[in-house]
Every structure is written in structure tokens, then in C-alpha cells.
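# Residue-level structure breakdown
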Amino acid sequence: MSLLNLEQIEDGVVKYAVETIGQLLAKDKNKRPFVIIENPSDNSNDKGLKPDMPFVSVRSIGVTTPYGYLLDVFVDEQERTCYRIPFKVQIRVTATGKNSFSIISNFKQRLEISSLRARLTEYTGGAILVDSGQMPQNFDMLQTDYEPSTPLILELAVDSILVDYDSGVIERVIADGVLHYGEGDTQAVAIHLDEHTQDYRE
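In this report, we go over the structure that sits alongside the text. (Residues numbered from 1 in each chain as written. Predicted model: local features only at pLDDT ≥ 70, side-chain atom pairs only at ≥ 80, totals over all residues. Heavy atoms only, no water.)

### Concerning the overall build of the protein
How we decide: A run of DSSP states H or I qualifies as a helix once it reaches four residues; a run of E qualifies as a strand once it reaches two. Both are numbered from the N-terminal end. Type-normalised accessible area, obtained with a 1.4 Å probe on protein chains alone, sets the label of each residue: buried when under 20%, exposed when over 50%, and partly exposed for intermediate values. The contact criterion used is simple: two residues touch if any of their non-hydrogen atoms lie within 4.5 Å.
When helices and strands are tallied, the protein shows three helices and eight strands. Secondary structure elements of the protein, listed N to C terminal, follow the sequence α-β-β-β-β-α-α-β-β-β-β. Here the protein, with 202 residues, has 32% of them falling under the buried criterion. A separation of at least 24 residues holds for 65% of the contacts in the protein among residues at least 6 apart in sequence.

Written out as C-alpha cells, the structure is:
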């Protein structure tokens, strides 16, 4: 159980891309395909180092809770209240360089294979692919001064577990009282409660 971890999801997408389309990308001196995570610089004038092309970059660009705030409330083994919160995470995968459209097309098509989707879920710590994105127009065919670049936006669903460390569990409730069905009711019913909650985890 853990909170939403965007770094783990980004790292998982990077690992998946290296395995599935790494053969189509430029390599570093250690023969590792150039698949990187985009990180904005603190210095607006610092553009950072650009890898050899073609390369793929990965970045989370949005997190929403579209399915409602809570999926479940439960008590863990340490008797703490836990909240299961559903998130939808958008991940942008961009190929830059020659044949960028072909690279992204290859990446997207591999996501249609169930065994490879399962691998992506494993690498991202349980995130489930819900949308493999819409293919953009073929930017490689445009004759411009810009570098060929083709983006694809994935949507993944993942549950986050929020633990309330200040909560506890009432294991037994004992109460006595009377029940009136309405004002002026003379037929009051005596009530005695003695309830155990030892099976609250079931």
C-alpha cells in the first residue's frame, strides 16, 4: 500500500520503452537506448544536454480523480483507517528525431498486446493502461525547420492508499436506551446494544 508515486510510473514507462522500442533509438556509450525523463530546469536559460537522435522522452503531465474521491475505506492490520483513492495519470511519450512517427506508432501498437500491457503494469507499480493515446498526424512528413517530434499521451489508472495515522478502531460498543417512533409515542421500546467489531477486516 502506498501513496501515488509519479516517479515510479515514469520510471516504469521508461523501462517499458527501452525494452519494446529500444532497438529503434540512438544508444549511449554503454549501448543503452536513449529514453529519458523530461525534467524542467531551474534555470530558464539552461536547456540541458540533448541526447543523440532519435530518442524518446517521458513526462507526467496531469493527474486527476475522475472516478470519484473514494473507492474504498478499510482498516489495515495495524488498525488504522485507510482510504483507497483512484487516480488517472497522463504520461506524455515523445519521440524526437528521424522516423519519430514510426517509432511512436511502433510503441503504440505494442501496447495493444495484452502481455506487454501487463509488463507495463508491473513496471509502473500497478498502474493499468486505460487509453493508449491518439496517433497524431505524421510530423515526419512536414518540411519545416523544426526537429521531427511525435508525441503520444497515455492514460493510466492507479489507486493510491492514504493512511490515517491518527485513527483507531472501536472494538466493542455497549449502550442502553429507549426508542420512540414519534413525538407523544407511549409505546417506547427498550434497547440494549452490545456489539463487537472484531471481524471488521472481513
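### Comments concerning helix α1 (residues 6-21)
The following threshold applies: In this scheme, a helix's expected span is set at 1.5 Å multiplied by one less than its residue total. Any pair of nitrogen or oxygen atoms within 3.5 Å is treated as a polar contact; in protein, a donor-acceptor pairing is required on top of that, and neighbouring residues in sequence qualify only through side-chain atoms on both sides.
The end-to-end C-alpha separation of α1 is 22 Å, in line with the 22 Å expected for 16 residues at 1.5 Å each. For α1, every residue scored as buried is listed here: Ile9, Glu10, Gly12, Val13, Val14, Tyr16, Ala17, Val18, Thr20 and Ile21. In this structure, the buried residues of α1 make contact with β1 (35-37), β2 (55-64), β4 (81-96), α2 (100-110), α3 (114-123) and β6 (149-164). Residue asparagine 5 occupies the N-cap position of α1, its side-chain oxygen lying 3.2 Å from the main-chain nitrogen of glutamate 7.

### Description of the environment of isoleucine 128
Relative to the assigned elements, isoleucine 128 resides in strand β5 (residues 128-131). Judged by relative accessible area, which is 48%, isoleucine 128 ranks as partly exposed. The spatial distance from the C-alpha of isoleucine 128 to the C-alpha of glutamate 155 is 8.5 Å, given a sequence separation of 27 residues. Among residues more than four places away in sequence, those in contact with isoleucine 128 are Thr121, Glu155, Leu156 and Ala157.

### As for the side chain of threonine 96
In this structure, threonine 96 sits in strand β4. Since its relative accessible area comes to 9%, threonine 96 is described here as buried. Setting aside residues no more than four positions away along its own chain, threonine 96 makes contact with Met53, Pro54, Phe55, Glu147, Pro148 and Ser149.

### Considerations on a nonpolar patch on the surface
So the rule is basically this: A residue counts toward a patch only above 30% relative accessible area and without a salt bridge, and it is joined to like-charged neighbours within 9 Å or, for Val, Leu, Ile, Met, Phe, Trp and Tyr, to nonpolar neighbours within 5 Å. Only the protein chains shown count as covering a residue, and every accessible area follows the Shrake-Rupley method with a 1.4 Å probe. Counted as salt bridges are all cases of a side-chain nitrogen of Lys or Arg within 4 Å of a carboxyl oxygen of Asp or Glu.
On the surface, a nonpolar cluster with roughly 480 Å² of combined accessible area is contributed by Leu3, Tyr69, Leu70, Val73 and Leu162. Mapped onto the secondary structure, leucine 3 falls in the segment before α1.

### Section: the environment of proline 66
Structurally, proline 66 can be placed in the loop between β2 and β3 (72-75). Placed 21 residues apart in sequence, proline 66 and phenylalanine 87 show a C-alpha to C-alpha distance of 7.1 Å.

### A look at the packing of aromatic side chains
For clarity, the cut-off: Aromatic rings from Phe, Tyr and Trp, taking only the six-membered ring of Trp, are treated as a pair when their centres fall within 6.5 Å; an angle between ring planes under 30 degrees marks them as stacked, one over 60 as edge-to-face, and anything in between as tilted.
The final tally for this structure, using the stated rule, is one aromatic pair. Judged by centre distance (5.7 Å) and plane angle (80 degrees), the ring pair of tyrosine 16 and phenylalanine 107 falls under edge-to-face. Remark: phenylalanine 107 occurs in helix α2 and tyrosine 16 occurs in helix α1; sequence separation between them is 91 residues. By the burial criterion, tyrosine 16 is buried, and phenylalanine 107 matches it.

### Concerning α3
Selection criterion: The arc refers to the directions leading from the helix axis to the C-beta atoms.
What α3 keeps buried is the set Leu116, Leu120 and Tyr123. Mapping the buried residues of α3 onto a view down its axis gives an arc of 65 degrees, with all of them on the same face. Summarising the geometry of α3, the exposed residues directed more than 90 degrees from the buried face are Ser114 and Glu122. Next to the buried residues of α3 lie α1, α2, β5 and β6. Glycine 125 lies just past α3 and shows a positive phi near 80 degrees.

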